[in-house]
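# Residue-level structural notes
If you want the building blocks of each chain, they are given just below.
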Amino acid sequence: MDPFTDTLQRLREAFGSGRTRPAEFRAAQLRGLGRFLRENKQLLQGALAQDLHKSAFEGDVSEIIICQNEVDLALKNLHAWMKDESVAKNLFTQLDSAFIRKEPFGLVLIVAPWNYPVNLTLVPLVGALAAGNCVVLKPSEISKGTEKVLAEVLPRYLDQSCFAVVLGGPEETGQLLKHKFDYILFTGSPRVGKIIMAAATKHLTPVTLELGGKNPCYVDDDCDPQTVANRVAWFRYFNTGQTCVAPDYVLCSPEMQARLLPALQSAITRFYGEDPQSSPDLGRIINHKHFQRLRDLLSCGRVAIGGQSDESECYIAPTVLVDVQETEPVMQEEIFGPILPIMNVRGLDEAIDFINRREKPLALYAFSNSNQVVNRMLDRTSSGSFGGNEGFMYMTLSSMPLGGVGNSGMGRYHGKFSFDTFSHHRACLLSCSGLEKLNAIRYPPYSEWKQQLISWALGKQSCTLL
Amino acid sequence: MEREVQRVRAAFRSGRSRPLTFRRQQLKALRRMVQEREKDILAAITADLSKSELNAYSQEVISVLGEIDLMLEKLPEWAAATPARKNLLTMLDEAYIQPEPLGVVLIIGAWNYPFVLTIQPLIGAIAAGNAVIVKPSEISENTATTLAELLPQYLDQDLYAVINGGVEETTELLKHRFDHILYTGNATVGKIVMEAAAKHLTPVTLELGGKSPCYVDRDCDLDVACRRIAWGKYMNCGQTCIAPDYVLCEPALQDQIVQKMKDAVKEFYGENIKESPDYERIINLRHFKRILSLLEGQKVAFGGETDEATRYIAPTILTDVDPGSKVMQEEIFGPVLPIVPVKSAEEAVRFINEREKPLALYIFSQDNKLTKWLIDHTSSGGVTGNDVIMHFMLSSLPFGGVGSSGMGAYHGKYSFDTFSHQRPCLLKSLKREGANKLRYPPNSPSKVDWAKFFLLRRFSRGKLRLLLLTLLGVLVAVLIKAGHC
């Protein structure tokens, strides 16, 4: 017995009735979402603390505030985004009306991960609702606290004929994916991304896949080690390293490494104190499975900083590894934890080669006082996004899309990009019936004079019109 | 094949295809190819589709030349970084989105417009800085052969390759990894392409098809409507992905439509249609027989003549067609126009929405409100009102499907964007580290408030005004004090 059939049928019918299309309805849903965030802030922070030992600060800046911003942005811009977009016309269509109509796809599925369980579920939801779709949300079963809040409390704030939360693990998700959706946005690992895309193929469903990879962080010799260490450490250990755009590993010269290590130690101590385990600002690993995986990685290379762990709390200390081989597990998989390996390279070119030998990452970071170095790294590599002398601060900018390339994903969202992602851009050309005489040129038979006229007229300009 | 794919990839890695000057040079070479070898290209197309040279030129070559010129003109603008709006936190940083090539693009062409449907995507892929492998349709063999001969003579031979072959070769090709695949064809093969792409997480643009409905309202200029429908339907012998597939209209209109279309067909192709140089033939025997079978049991109001030897099917109209019949189950892709009577626009909308989303929707009506209503209550890749096909011709409009008619779009800037990765970049300085202390742990409630100030949009604007007023007040106080001194 398929538990999803009825729900999906209901949502499809609601979409077919046209309920979700008027701007008022969409705005009401967005306002409902905004109210949910405001009225349940404590509840959400509690869930995040339960799931990831996330501090209120991190919960605010990386989850709740981001969602609120997206809701506000969508509400403010909804009418502008929904408007038909006029397009340039050519000579022959001057009297016509040519525009792009943004339309909802229909039934959208959002499959969310556990590491930013509020952000990565609700920010896509904002876009899907603003674009006028009916939405099925599949939060991660691994972040149980947040899953519960989303399943039990969120639906009360939204029109439940057009919105549903479905629960379950890999098996249920597999069953869910057998159904037809009109768009799927998935955030997670490349391995599961392939499964999602293969399932989407059966119904020719377009997808946005927000995946991951190993995000390189190049540290040039020409820089201030303490500044770099502050920034790298902050972005690495934020959310206990469980961030898809976190710097995954550092590439630098042995000389730089020697200067970086004490600076990193200093940053870590300043951030989390002498005993990071007792710092309220350091989170925990999501579950035992990932804890074990990360603990095993601690035996790669040599522990230069940290290395402590405590299974009872799923605690892993902010750690830096050195003398790491490329073939070791810590350099083979996305770390997704508070472990930072340092690989030595003899300069920018070797770093670029190293990076280009591997899959395109979701993010790429380069630290240097020299603009030239930063720009060269930018020009000769590819990645979802790029940070120069900075970590993933661009995530706070709704004018910058979040999306991968190659193995790190396809498609993008955030801000207006979300609205566009969840909309079909329908090309519309409305001609008038009059002036039919002008059209005579395009109809057969193509006599001598017509041939000459066409060739002349179209040879003169770069329009693609018969 | 393995070697060729690797060669193209290695060529991309060399970075040669990236500088704008190189891309312009290749596009200009492509234009030279089209101009200098026009005769060869037209000969190939006409051989494949029994098409007149003028039709081949106006239907295919013109679009290609137009697209090349558009790319050349707009390339500097489109390839440039777009600055992104910043927030307070990033005020002093550089934030922009930089378009980049994806890598190696695979373009799988179709046989119905074998030149433009292969070359137009190629133009976009080159403009975006990629290396490209082109796989023309083997069914339009002459064009496939000609492209394989001509492209290497004008374009960089390592970066742009033509690989020819049938189902077996294409399957083999699809096992390789590409950075984008653009496929034009049918949904069945579209799924095969997407499935292969999923193995490598390769993004795809699928230009598929379906049954494009054509709604004819009683309130419209029927003469003009029928002429335009006849033009779009019988062009290329109906083998056009955006041809009006079938007509929906009130029963009373059927006879008039048949008559007026008959007149238009006579005007276009003369009394003896077979003799007209402007009327094409069906591509091969398999499709000929397929279309023939769609006529079984139907009321042929006009046309219906066929000649297997030349694969000729006359411009045909069927009336009072039963929605359940074979001709209404698959994309016709031939010169057969079924008319399905409906009682009203509402019924037409219901009819359309019960079916897969089409690639195109056509509406003939003088009533603008009705047209808008029809657009609002349906979905399709694109729409042309009071005409057919034309939305394809405007390069400022994206060309693509939705649902089973496809995903993604191209033409003009949409081609450039489809074949690019738009990479967001945030460049900061290593100075002013003091300002960052705000964000580092250990955290405190006051830090949260500051975070809200910088990040929360509503909050920051109100507070910013307060801050500015305060500063103004301080400034005024200072000025007054200075005045006193």
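Along each chain, residue indices are assigned from 1 in the same order as the chain's sequence is written. Note on labels: chains are lettered from A, ligands numbered from 1, in written order. Local features in this predicted model are restricted to residues of pLDDT 70 or higher, and side-chain atom pairs are both shown and tallied only at a pLDDT of 80 or more, whereas totals for entire chains, interfaces and linings draw on every residue. Side-chain measures here rest on the full set of heavy atoms in the structure, leaving out hydrogens and waters.

### Some details on the UniProt feature "domain: Aldehyde dehydrogenase" (unreviewed entry) in chain B
Selection rule: UniProt positions are given in the numbering used here, feature names are shortened, and annotations may be inferred rather than shown by experiment. Under the scheme used here, helices are H or I runs from DSSP no shorter than 4 residues and strands are E runs no shorter than 2 residues, and both carry numbers assigned from the N terminus.
Following the UniProt record, one finds the feature "domain: Aldehyde dehydrogenase" (unreviewed entry) at residues 3-421 of chain B. Helix and strand shares over residues 3-421 of chain B are 43% and 17% respectively, and the end C-alpha atoms of the span are 26 Å apart.

### Let's talk about the pairing of strand β4 (residues 131-135) of chain B
Residue and element names in this part refer to chain B. Spelled out, the test is: Burial status follows relative accessibility: with a 1.4 Å probe on protein chains alone, a residue under 20% of its type maximum counts as buried, one over 50% as exposed, and anything between as partly exposed. Each pair of strands is called paired provided DSSP finds at least two bridges between the two strands.
Within β4, five of the five residues are buried, which leaves the element mostly enclosed by the surrounding structure. Across the two faces of β4 the burial is the same, with A131, I133 and K135 and V132 and V134 all buried. When strand β3 (residues 104-108) meets β4, the two strands line up parallel, connected through five bridges. Of the residues in β4, the one forming a bridge with V105 is V132.

### Quick notes on the confidence of the model for chain B
The test is simple: The predictor attaches a confidence to each residue, called pLDDT, with possible values from 0 through 100.
Per-chain confidence: chain B averages 93 in pLDDT, with 95% of residues scoring 70 or above. Reported confidences for the modelled complex are a pTM of 0.94 and an ipTM of 0.94.

### Here's the deal with the UniProt feature "active site" (unreviewed entry) in chain B
All names here are of chain B. Heads up, the condition is: Working rule for contacts: check all heavy atoms of both residues, and any pair within 4.5 Å makes them a contact.
Look at the UniProt record and you will see "active site" (unreviewed entry) annotated at E207. Along the polypeptide, E207 turns up in strand β7 (residues 204-207). When near neighbours in sequence (up to four residues on either side) are disregarded, E207 contacts Y183, T184, G185, F399, G400, S405, G408, A409 and Y410.

### Describing the sheet that holds strand β18 (residues 420-427) of chain B
Selection criterion: In this description, a line fitted to the C-alpha atoms serves as the axis of each element, helices being fitted only across the stretch in contact, and the angle between N-to-C directions of two axes falls anywhere from 0 to 180 degrees.
Pairing within the open sheet is mixed, and its 10 strands lie in the order β10(A)-β13(A)-β14(A)-β9(A)-β8(A)-β15(A)-β16(A)-β18(B)-β2(B)-β1(B). Two strands close off the open sheet at either side, each with one partner strand: β10 (302-305) of chain A together with β1 (82-83) of chain B. Taken together, the three bridges between strand β13 (residues 319-322) of chain A and strand β14 (residues 339-344) of chain A define a ladder with parallel strand orientation. Across the sheet, residue A:T319 finds its bridge partner in β14(A), namely A:I339. Strand contacts of helix α10 (residues 254-272) of chain A: β8 (216-219), β9 (249-252), β10, β13 and β14 of chain A, with the helix running at about 165 degrees to β14(A), the strand carrying the most contacts.

### A closer look at the UniProt feature "active site" (unreviewed entry) in chain A
Residue and element names in this part refer to chain A. UniProt feature "active site" (unreviewed entry): in the numbering of this structure it lies at E210. Here E210 shows up in strand β7 (residues 207-210). Residues in contact with E210, not counting those within four places in the same chain, are F186, T187, G188, L402, G403, S408, G411, R412 and Y413.

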